[in-house]
Amino acid sequence: MAFKTRTIKSTLAALALSAVFAPASDATEGSFALGYGVVQRAQGGAGVAQSQDAMSAAINPASIATIGREFDAGIEFFMPFRGYEASGTAFLSPGDIRSSRNIFFIPNMAYNRPIDDTSALNFSIYGNGGANTTYKGITNAGMMCPGGPGIFCGGDAGVDLIQVFMSATYAKKMGNVSIGIAPTLAVQAFSGKGLVALSPMSSDPSALTDNGYDWSFGGGLRGGIQIDVTDSFRIGASGQTPMLMTRFKNYQGLFADQGKFNIPASFTVGASWDVRPDLTLMADYQHIFYSGVGAISNPFFPAPLGSTGGPGFGWDDVDVFKVGAEWRQNDKFTWRAGYAYSTNPIGPEDVTLAVLTPGVVQHHFTGGGTVKVSDSSSIDFALIYALSNSVTGPEVTPFGPTPGSSVSPEMHQFSASIGWKKKF
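Residues numbered from 1 in each chain as written. Predicted model: local features only at pLDDT ≥ 70, side-chain atom pairs only at ≥ 80, totals over all residues. Heavy atoms only, no water.

### With respect to the overall build of the chain
Within the chain, the regular secondary structure consists of 5 helices and 18 strands. For the chain, the C-alpha radius of gyration of 22 Å lies close to 22 Å, the compact-globule estimate for 424 residues. Projected onto its principal axes, the C-alpha coordinates of the chain cover approximately 65 × 35 × 35 Å. For the chain, the proportion of contacts with a sequence separation of at least 24, taken over those separated by at least 6, is 71%. The averaged location of the 32 negative side-chain charges in the chain is 11 Å from the averaged location of its 27 positive side-chain charges. (Helix = DSSP H or I, 4+ residues; strand = E, 2+ residues; numbered from the N terminus. Rg over C-alpha atoms; globule rule 2.2 N^0.38 Å. Contact = heavy atoms within 4.5 Å. Lys, Arg positive; Asp, Glu negative; His and termini not counted. Charge placed at Lys NZ, Arg CZ, Asp CG, Glu CD.)

Written as structure tokens, this is what we have:
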């Protein structure tokens, strides 16, 4: 038993470190992930009203009150294929330009420990989302590019945003109602490079680009409720406050309000229904408040970047509709499928900066399952495909929109996840 305990603790530490330092990429709901655990990803991200495993705490803190003692670990092989097409541009490099580095590894883990028959503690760490693009320093054929090669006149260009959540959850079941609360620490890392063309728009060009990684720390509160309406029908709701973060001081000439970059609030509501003893259907609705963060939601316009109320990425709030199904074929095999639709946060007026963060995908098709390998262990797996989508609009420069220009950021995605679950 001592050996097993040491092994589990070592695994937890390794996963925590790898999650903090793992690179992220453009997620599927703007900058948020579709699901945080392997089971959630397989069923379209749905499950706010369904208690399934220790990672369920990431979607609804109330869900883990009666899960039992369990350890989950998983990894997602996330493959976003992104880029843009442009013509008639002044600064942004024209042509069909694709971002490189198209595979990322995103781990997650959770440990659930019952206190008694109706309450539990849960500790989890997972990637909330992020954004990444990596454009090579190609020859820029734009009409005005004094800074040299690269899509923004500064050589190799792109951004890398990493967001990691670490939560300690307490959940309690009282009759047919479960409640949960999860104080959450958040860590962000950001780097940007090759953005020389934006220097005339910056309030602090020395804190605009090519300053390596900068770190931001903060946190907030997550909470949720699940109600067993009948033995076969449940409803659930969860939400999180804004994660209040320290500033990115090395990029206070890029992000509005001198580098302020909080993580948006969100809420999710949904239901699950056991249609048959072996079949459960789930439906969730999620709303993400990007409008609460100026660096994300302020429109991109000719004004000083980094200034109070200054330009942002122009993102709108996002609504996400998720449906999922779980079929328990027998004691060994469980199968899952799902679909999610998210509204597009990026409009035609904000495509210039969207080439750095082209989070425009909307339709997600998912599938996967669980294979039980022993009385206490099982393997989870999931696949996601997000259809290609793009938005077209004019280039915006320090001098205003470029007449006759056209910019179309595009992305499609593929994801494969595998996880291990251990019950005690």
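Resuming the write-up.
### A look at the pairing of strand β6 (residues 177-193)
On any regular strand, side chains alternate: one points to one face of the sheet, the next to the other face. Bridge count between strand β5 (residues 157-174) and β6: 15 bridges; the pairing is antiparallel. In the sheet register, I162 faces β6, and the bridge partner there is A189. Connecting β5 to the antiparallel partner β6 that follows it, the hairpin turn spans 2 residues, and G175 within it adopts a positive phi of roughly 65 degrees. Where β6 meets strand β7 (residues 214-228), 14 bridges bridge the pair, whose relative direction is antiparallel. (Pairing = 2+ DSSP bridges.)

### Focus on unusual backbone geometry
With a phi close to 60 degrees, D210 is a non-glycine residue in the positive phi region. Structurally, D210 can be placed in the loop between β6 and β7. D210 sits in the partly exposed class, given a relative accessible area of 45%. In this structure, D257 is a non-glycine residue whose phi angle is positive, near 60 degrees. Relative to the helices and strands, D257 resides in helix α3 (residues 256-259). (Buried < 20%, exposed > 50% of the residue type's maximum accessible area, 1.4 Å probe, protein only.)

### A look at the environment of P299
Mapped onto the fold, P299 is located in the loop between α4 (294-297) and β12 (318-328). Residue contacts for P299: discarding those within four places in its chain leaves P311, G312, G314 and D350.

### As for the nonpolar core
Core analysis: the biggest nonpolar cluster contains 60 residues, and Y84, I151, F152, F190, L198, F255 and V355 have the highest contact counts within it. For this core, the secondary structure elements donating two or more residues are β1 (70-87), β4 (119-135), β5, β6, α4, β12 and α5 (351-354). Residue contributions to this core peak at 4 residues, all from β5. Here F152 is in contact with L92, N140, G194, L195, V196, A197, L198, T352, V355 and L356, once residues within four sequence places are set aside. Judged by nonpolar contacts, the second largest core, of 8 residues, contains A73, I162, V164 and A189. (Core = buried A, V, L, I, M, F, W, Y, C linked by side-chain atoms within 4.5 Å.)

### Brief notes about the packing of aromatic side chains
Under the counting rule described, the total for this entry stands at 21 aromatic pairs. Each ring, one from F248 and one from F255, has its centre 5.9 Å from the other, and the planes form 45 degrees; the classification is tilted. The pair formed by F248 and F255 is uniform in burial state, with each residue classed as buried. Measuring from ring centre to ring centre gives 6.0 Å for F333 and W335, while their planes differ by 10 degrees; the resulting arrangement is stacked. An aromatic cluster of at least three residues, connected via ring pairs, comprises F190, F248, Y251, F255, F261 and F313. Sitting over the ring of F424, R69 keeps its end group 4.5 Å from the ring centre. (Phe/Tyr/Trp six-rings, centres within 6.5 Å; stacked < 30°, edge-to-face > 60°. Lys NZ or Arg CZ within 6 Å of the ring centre and 35° of its normal.)

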